[in-house]
Amino acid sequence: MAPAPLTPAAPRTAVDPLVIGRRVRHLRTHRGMTLEHLGAAVGRAPSQLSVLENGRREARLSLLEQVATALGVTLADLLSPEPPSRRAALEIELERAQRGPLHAALGLPQVKAGRSLPTDALEAIVGLQREIGRLLTERAATPEEARRANTELRATMRDQDNWFGDLEVHARELLAAVGHRGGPLSQRATAEIAAHLGFTLHHVHDLPHSTRSVTDTAHGRIYLPQAPSASTDPRSVVLQALAAHVLGHGEPADYGDFLRQRVQTNYLAAALLVPEEAAVAMLSTAKDERRLSVEDLRDAFGVPYETAAHRFTNLATKHLGIPVHFMKVHEDGTLHKAYENDGVRFPSDALGAIEGQPVCRRWTARVVFAVPDRFSPYYQYTDTSTGTYWCTSRVQAGGDGTFSVSVGVPFAQVRWFRGRETTERAVSRCPEPECCRRPPGELAARWEGRAWPAARPHASMLAALPVGAFPGVDQTEVFTFLERHAPS
Ligand SMILES: [Zn+2]
């Protein structure tokens, strides 16, 4: 959907009354006529002609013919859509903008584009109006652009089974450079990778709020929080900052570029924490013994569950021949991140965007929130419109609330997994509204028309994406911070 225009739409008549009015005034003053003179010539009161010149009202054709004759031009000439001069064009634009919803919303006084307003001032006002309109239109368009970029990126990831060979090579080379021999990557090894790449690590208390780390590329310094948040692995933060450097990421050109960079840095960081060779060896054995488990991968490499789940989807299809899906779902039921190459149908809007969409209440990713035991993995079989899937899910606390992280496979693949013996079963008929989106009949009958909920602004990150080179980052705060910490 296109953003709403910020200046009023052009009138349906061929020529804008504002343009006709300016042409009349231009021709009249050019001929040295006053409103009174013209009024006498066409038999109208000067005030009526003033209304015409101000473009406040559409004039009858008969009056316009008389005016054209009195001014010594043809009717066609009078009705030309061209503003009569550059100055008139500016006046028309100013007038149009001042009559629009944006000007009304700003609560600014009306400026009269009379002769006392210098042309340079007029140019400046019109230029500012245009720029504000452009910025607001751009901002309104951003969530739309973000959705499109997300959808495209997901298609790319699906095409390569979520495995990126070049990033695996980068990870292997970096680990070899610091002599890592497999197994969990220690904090010290992380610092060694940083040193190998020419960076020192600095823990500070005043990191800008909108950032997880800030890299001073001029001085080879990475600034990190003094006390890392409980939900993020401190090694990941360092590795992601280094990954951006290794991959030569510049300032993202657009939102799509920003997302691609984020996927690549996340991938490389995960590939360093859970190296391909060691992980594949472990997973292959587990598959042979029919005891594949995301938990075991997590424990073997000492990473958060989400990193293990993410890494499992990188390797499962490429190395184990297992199609998979991955979901991160907020406690409010909306989808935040997802990936699939196993045909599962994620909730989506008409354009194919899935971020922020409500997930079926019967799916593992939602049911798990109601499971009292949050320490054991939860398993469930779910019949869906595209087949039966088996999924495993865990709940974790994050900065913006509680999330479930789920990994699932088609029924035919469950024989390789630990947890296949579960008796939990569900049937999902979504996207049929009767599945779980429409309230049950009896409940609806009791409450329809008697409820008035006040909606909370949507938690989805897509609701209000700020504009900027790095979405969501306060650049002033970052530059001030770097200035404060830079070595003199
Ligand atoms: Zn449903």
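A brief report on the enclosed structure follows. (Residues numbered from 1 in each chain as written. Predicted model: local features only at pLDDT ≥ 70, side-chain atom pairs only at ≥ 80, totals over all residues. Heavy atoms only, no water.)

## Quick notes on the sheet that holds strand 3 (residues 221–225)
In plain terms, the rule: In short, DSSP must find at least two bridges between two strands for them to pair. Counting from the N terminus, the helices are the DSSP runs of H or I reaching at least four residues and the strands are the DSSP runs of E reaching at least two. For helices, the axis comes from a line fit to the C-alpha atoms of the stretch in contact; other axes are also lines fit to C-alpha atoms, and the angle between any two N-to-C directions lies between 0 and 180 degrees.
In space, the three strands of this open sheet follow the order 1-3-2, with mixed pairing throughout. The open sheet is flanked by strand 1 (200–204) and strand 2 (214–216), the only strands paired with a single partner. Mean inter-strand twist for the sheet, computed between neighbouring axes without regard to direction, equals 25°. Relative to strand 3, strand 2 runs antiparallel, the two being bridged by three bridges. Across the sheet, the residue bridging to Asp-216 is Arg-221, located in strand 3.

## Section: the coordination of the zinc ion
Where we set the bar: Note that water is not among the atoms considered, so a metal site may appear incomplete; the donors listed are N, O and S atoms within 2.8 Å of the metal, with 3.2 Å applied to Na, K and Ca. Irregular is the label for any site that misses the other tests, which are tetrahedral for four donors with all angles between 85 and 135 degrees, and square planar for four donors or octahedral for six when opposite donors exceed 155 degrees and the remaining angles lie between 65 and 115. Whether a residue is buried, partly exposed or exposed follows from its accessible area with a 1.4 Å probe, protein chains only, as a fraction of its type maximum: under 20%, in between, or over 50%, in that order.
Protein-derived coordination of the zinc ion comes from Cys-360 (SG), Cys-430 (SG), Cys-435 (SG) and Cys-436 (SG), at a distance range of 2.1 to 2.4 Å. Seen from the zinc ion, its four donor atoms lie at angles of 94 to 118°, and the figure they make is tetrahedral. Sequence spacing of the donor residues for the zinc ion, all on one chain, is C-x69-C-x4-C-C. Cys-435 shares its class with Cys-430; the two are buried.

## Section: helix 13 (residues 276–288)
Here is the rule: Here a helix's expected span is defined as the number of its residues, less one, multiplied by 1.5 Å. The contact rule is simple, with two residues in contact once any of their heavy atoms fall within 4.5 Å.
Taking 1.5 Å per residue as the helical rise, helix 13 with its 13 residues ought to reach 18 Å, and the 18 Å between its terminal C-alpha atoms agrees with that figure. At its buried positions, helix 13 is contacted by helix 9 (165–177), helix 12 (255–273), helix 14 (294–301) and helix 15 (305–320). Just past helix 13, the residue Arg-290 takes up positive phi, approximately 55°.

## Some remarks on the packing of aromatic side chains
Given two aromatic rings, their pairing is described by the distance between the two centres and the angle made by the two planes. The line we're drawing: The pairing test for Phe, Tyr and Trp rings, Trp by its six-membered ring, is centres within 6.5 Å, and the orientation test on the planes gives stacked under 30 degrees, edge-to-face over 60, and tilted for anything in between.
Counted according to the given criterion, the structure contains six aromatic pairs. Ring centres of Phe-164 and Tyr-267 lie 5.0 Å apart, and the angle between their planes is 65°; this geometry places the pair in the edge-to-face category. Here Phe-164, found in the loop between helix 8 (119–159) and helix 9, pairs with Tyr-267, found in helix 12; they are 103 residues apart in sequence, far enough to count as distant. Judged by relative accessible area, which is 12%, Phe-164 ranks as buried.

## Remarks on the environment of Thr-384
You can see Thr-384 is positioned in strand 6 (residues 378–384). Judged by relative accessible area, Thr-384 falls into the buried class, the value being 16%. Separated by 21 residues in the primary sequence, Thr-384 and Trp-363 have C-alpha atoms spaced 9.0 Å apart. Apart from residues no more than four positions distant in its own chain, Thr-384 is found in contact with Trp-363, Tyr-389 and Ser-428.

## Focus: a nonpolar patch on the surface
For clarity, the threshold we go by: To count toward a patch, a residue needs a relative accessible area above 30% and no salt bridge. Like charges then connect within 9 Å, nonpolar side chains (Val, Leu, Ile, Met, Phe, Trp, Tyr) within 5 Å. The accessible surface values rely on the Shrake-Rupley method and a 1.4 Å probe; as for residues, cover is taken only from the protein chains in view. Salt bridge, as applied in this entry: a Lys or Arg side-chain nitrogen positioned within 4 Å of an Asp or Glu carboxyl oxygen.
A cluster of nonpolar residues, Leu-106, Leu-108, Ile-132 and Leu-136, forms a patch on the protein surface that exposes about 320 Å² of accessible area. Here Leu-106 is to be found in helix 7 (residues 101–106).

## Here's the deal with the sheet that holds strand 7 (residues 387–398)
With mixed pairing, six strands are arranged side by side in an open sheet as 5-4-8-7-6-9. Only two strands of the sheet have a single partner each, and these edge strands are strand 5 (335–340) and strand 9 (425–427). On average, each strand axis in the sheet is inclined to that of its neighbour by 25°, with strand direction left out of account. Relative to strand 8 (residues 401–410), strand 7 runs antiparallel, the two sharing ten bridges.

## A word on the pairing of strand 6
By the criterion of burial, strand 6 is predominantly enclosed, with six of the seven residues buried. One ladder, built from seven bridges, connects strand 6 with strand 7; its direction is antiparallel. The partner of Gln-380 across the bridge, within strand 7, is Cys-391. Adjacent in sequence and paired antiparallel, strand 6 and strand 7 are bridged by two residues.

## Here's the deal with the pattern of salt bridges
In total, this model carries 25 salt bridges according to the counting rule given. Glu-91 is the salt-bridge partner of Arg-22, the closest N and O atoms lying 2.6 Å from each other. Remark: Glu-91 occurs in helix 6 (residues 86–98) and Arg-22 occurs in helix 1 (residues 17–30); sequence separation between them is 69 residues. Arg-22 gets classed as buried once you look at its relative accessible area, which sits at 6%. Residue class for Glu-91 comes out buried when judged on its relative accessible area of 10%. Across the pair Glu-340 and Arg-158 runs a salt bridge whose closest N-O atoms are separated by 2.9 Å. Taken as a pair, Glu-340 in strand 5 and Arg-158 in helix 8 lie far apart in primary sequence, 182 residues in all.

## Digging into the side chain of Gln-261
Here is the rule we go by: Whenever two N or O atoms come within 3.5 Å, that pair is a polar contact, provided that in protein one can donate a hydrogen and the other can accept it, and provided that, for residues adjacent in sequence, both atoms are side-chain atoms.
Residue placement: Gln-261 occurs in helix 12. For Gln-261, a relative accessible area of 12% gives the class buried. Engagement of the side chain of Gln-261 in a polar contact is seen with the backbone oxygen of Gly-250, the distance being 3.1 Å. For Gln-261, the contacting residues outside a window of four places in its chain are His-249, Gly-250 and Pro-252.

## Remarks on the nonpolar core
Buried together is how nonpolar side chains tend to be arranged in soluble globular proteins. Going by this rule: In these notes, a set of buried Ala, Val, Leu, Ile, Met, Phe, Trp, Tyr and Cys residues joined through side-chain atoms within 4.5 Å is what counts as a nonpolar core.
If you look at the biggest cluster of nonpolar residues, it comprises 62 residues, and the most contacted ones within it are Ile-193, Leu-272, Leu-292, Phe-312 and Ile-322. The contact partners of Ile-322, leaving out residues within four places of it in the chain, are Lys-287, Leu-292, Ala-316, Thr-317, Val-409, Gln-413, Trp-416 and Phe-417. Within the second largest apolar cluster, 19 residues are counted, among which are Leu-18, Leu-27, Leu-38 and Leu-63.

## Considering the pairing of strand 8
Judged by how many residues are buried, strand 8 sits mostly within the fold: ten of ten residues are covered. Alignment of strand 4 (residues 325–330) against strand 8, held across six bridges, turns out to be antiparallel. Bridging from a neighbouring strand, Lys-328 pairs with Val-405 of strand 8.

## Brief notes about the packing of helix 2 (residues 35–42) against helix 4 (residues 61–71)
Formally: Note: crossing handedness is left-handed where the near helix turns anticlockwise from the far helix by less than a right angle, and right-handed where it turns clockwise. Residues are grouped as follows: nonpolar covers Ala, Val, Leu, Ile, Met, Phe, Trp, Tyr, Cys and Pro; charged covers Asp, Glu, Lys and Arg; every other residue, Gly included, is treated as polar.
In the contact formed by helix 2 and helix 4, the axes pass within 9 Å of each other and the chain directions differ by 115°. The way helix 2 lies across helix 4 gives a crossing that is right-handed. Across the interface between the two elements, Leu-38, Ala-41 and Val-42 from helix 2 touch Leu-63, Gln-66, Val-67, Ala-70 and Leu-71 from helix 4. Here the residues of the contact of helix 2 with helix 4 are counted per class, giving seven nonpolar, one polar and no charged.

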